Amino acid sequence: MATPASVKRLHHQIALVTGGSSGIGAGVAEALAAEGATVFVNYSHSPDGAAEVVKKIEAAGGKAFAVHADVSKEDEVLAMFDEIRRQCGTLHILINNSGIQDDSPFLDMSLEKWQHVINVNLTGQFLCAREAAREFVRRGPQPEISRATGKIICMSSVHEVIPWAGHVNYATSKGGIMQLMKSMAQELAPQRIRVNSIGPGAIATPINLTARDTPEEEKSLLTLIPYGRIGEPADIGKVAVWLASDESDYVTGTTLFADGGMTLYPGFADNG
Ligand code: BGC
C-alpha cells in the first residue's frame, strides 16, 4: 500500500539533484520523489539518462522534471535556477551531487585533468550552493513546509578524509567540499539554512566500475569494507531523505559517512 501523502517526509518541497541522471544522483532523486518532493533531475551530458529517471519517478506516482546545466559554468547554473523558479516558484532542497573522476598518476597529471575535476566537483558545488542559498533567503521561511528555510546536501566521499594515490585531483576536490560545507553551514545557520554532506564509500555506480568488474577486483575492494558489501544508490537515497527532512532539523555542518565502515581503517583490524 502506498504511504499516505500526509506522512511523506518531503511533501510540498522542491528539490534539485545535480548529476541526477545516473548513479548516486539517480538513486537520491528517486528516494526524494518517493517521499513527496518534486524533483529537478539535472544532467550535463545525458538527456536520455535524465529522461529515464524522470520516467521512473512518474511511473512510481512522483513528480519530476529534467533540467540541463554543466554545474561548472556560472551562466548555465544561473539559467537552471531561473528555470526552476519559472516552473515551481522556489527550491527547498539542493543535493549538490555532480561529480567526476579523471584519474592519473600524480607525476603525469596534466593541469587540464586537475582543473576538470576541481571545476565540476568543487566549483560546481560552490555555484549551485550559492544560488540555492540566495533563493532560500529570497523566499524566506515557510514553517508550514519545513522547519529549515532550506537544506543543502553536498555529496562528498570517504575521500574527504582518506587520501587516494592516483586520484589527487578527486581527493582534493572532496577535501575542499568538507570545508566548503562546514564554512557555509557556519555562515548560513542564522538564516536557518542547514548544510551537511554525505560521505559515500564504494557504491555500485558507473564511476567505479573498473574497481569491481572482475571477481578478483571485487574481492579486493571488499577488503576495504568491514560491513562486507558494496553499497547501492538506494543506501545513499535513504540518508539524503533523512538529511533533507525535519527529522534532522538540529543537524548542520556534519558529514554523515555511509560507507560500510570504510573510514574505520580496516587495515588495522588485525595489524598495527
Ligand atoms: C569514488 C569511488 C570509490 C569510492 C571508495 C568514491 O568517492 O568515486 O570510485 O570506489 O569512493 O574508494
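What counts, and at which threshold
Residues numbered from 1 in each chain as written. Predicted model: local features only at pLDDT ≥ 70, side-chain atom pairs only at ≥ 80, totals over all residues. Heavy atoms only, no water. Helix = DSSP H or I, 4+ residues; strand = E, 2+ residues; numbered from the N terminus. Polar contact = N/O pair within 3.5 Å; in protein donor to acceptor, adjacent residues only side chain to side chain. Buried < 20%, exposed > 50% of the residue type's maximum accessible area, 1.4 Å probe, protein only. Contact = heavy atoms within 4.5 Å. Right-handed = clockwise from strand over helix to strand, strands pointing away. Pairing = 2+ DSSP bridges. Axes fitted to C-alpha atoms, helices over the stretch in contact; angles between N-to-C directions. Left-handed = near helix turned anticlockwise from the far one by under 90°. Nonpolar A, V, L, I, M, F, W, Y, C, P; charged D, E, K, R; others polar. Phe/Tyr/Trp six-rings, centres within 6.5 Å; stacked < 30°, edge-to-face > 60°. Near = heavy atom within 4 Å. Areas by Shrake-Rupley, 256 points an atom, 1.4 Å probe, with all protein chains shown as cover.

J.: I keep staring at the side chain of Asp102 and nothing clicks. Help me out?
T.: By the secondary structure assignment, Asp102 is in the loop between strand 4 (93–96) and helix 4 (111–139). A distance of 3.1 Å separates a polar atom in the side chain of Asp102 from a polar atom in the side chain of His116.

J.: Is there a simple way to explain the side chain of Gln125 in this structure?
T.: Here Gln125 lies in helix 4. You can call Gln125 buried: its relative accessible area is 1%. If near-sequence neighbours (up to four positions away) are discounted, Gln125 is found in contact with Asn96, Val120, Cys154, Met155, Ile177 and Leu180.

J.: Explain the pairing of strand 5 (residues 150–155) to me, please; I cannot follow it from the model alone.
T.: Working note: regular strand, side chains alternate between the two faces of the sheet. Most of strand 5 is tucked away: six of the six residues are buried. Between the parallel elements strand 4 and strand 5, the chain passes through helix 4 in a crossover that is right-handed. The sheet contact formed by strand 5 and strand 6 (residues 193–200) spans six bridges and is parallel. Note on strand 6: the bridge partner recorded for Lys151 is Arg194. Of the crossover connections in this fold, the one passing from strand 5 over helix 5 (residues 168–188) to the parallel strand 6 is right-handed.

J.: Looking at this structure, how should I read the packing of helix 3 (residues 74–88) against helix 4?
T.: How two helices pack is summed up by the angle between their axes together with the distance between the axes. Between helix 3 and helix 4, the shortest axis-to-axis distance is 10 Å and the interhelical angle comes to 35 degrees. Of the two possible hands of crossing, helix 3 and helix 4 adopt the one that is right-handed. For the pair helix 3 and helix 4, the contacting residues are Glu74, Val77, Leu78, Met80, Phe81 and Arg85 in the first and Leu127, Cys128, Arg130, Glu131, Ala132, Glu135 and Arg138 in the second. Considered class by class, the residues forming the contact of helix 3 with helix 4 number seven nonpolar, no polar and six charged.

J.: Any chance you could explain the packing of aromatic side chains here in plain terms?
T.: Geometry of an aromatic ring pair is reported as the spacing of the ring centres plus the angle between the planes. Counting across every chain of the model gives three aromatic pairs. Ring centres of Tyr265 and Phe268 lie 6.3 Å apart, and the angle between their planes is 85 degrees; on these two criteria the pair is classed as edge-to-face. Comparing Tyr265 with Phe268 shows no difference in burial state: the two are exposed.

J.: What is the right way to look at the site of the ligand in this model?
T.: The environment of the ligand is made up of Gln101, Ser157, His159, Trp164, Tyr170, Gly201, Ala202, Ile207, Asn208 and Met262. Interatomic distance of 2.7 Å between a side-chain N/O atom of Ser157 and an oxygen atom of the ligand. Taking Tyr170, its side chain carries an N or O atom lying 2.6 Å from an oxygen atom of the ligand. Calculation on the ligand without its partners gives an accessible area of 310 Å², and the protein chains cover 91% of this total. For the shell around the ligand, the residue count by class is five nonpolar, five polar and no charged.

J.: What should I look at first to understand the environment of Ala244 in this one?
T.: Among the structural elements, Ala244 can be located in helix 7 (residues 233–244). Residues Ala244 and Ile14, spaced 230 residues apart in sequence, show a C-alpha to C-alpha distance of 11 Å. Setting aside residues no more than four positions away along its own chain, Ala244 makes contact with Leu10, Leu32, Ile93, Lys151, Ile153 and Arg194.

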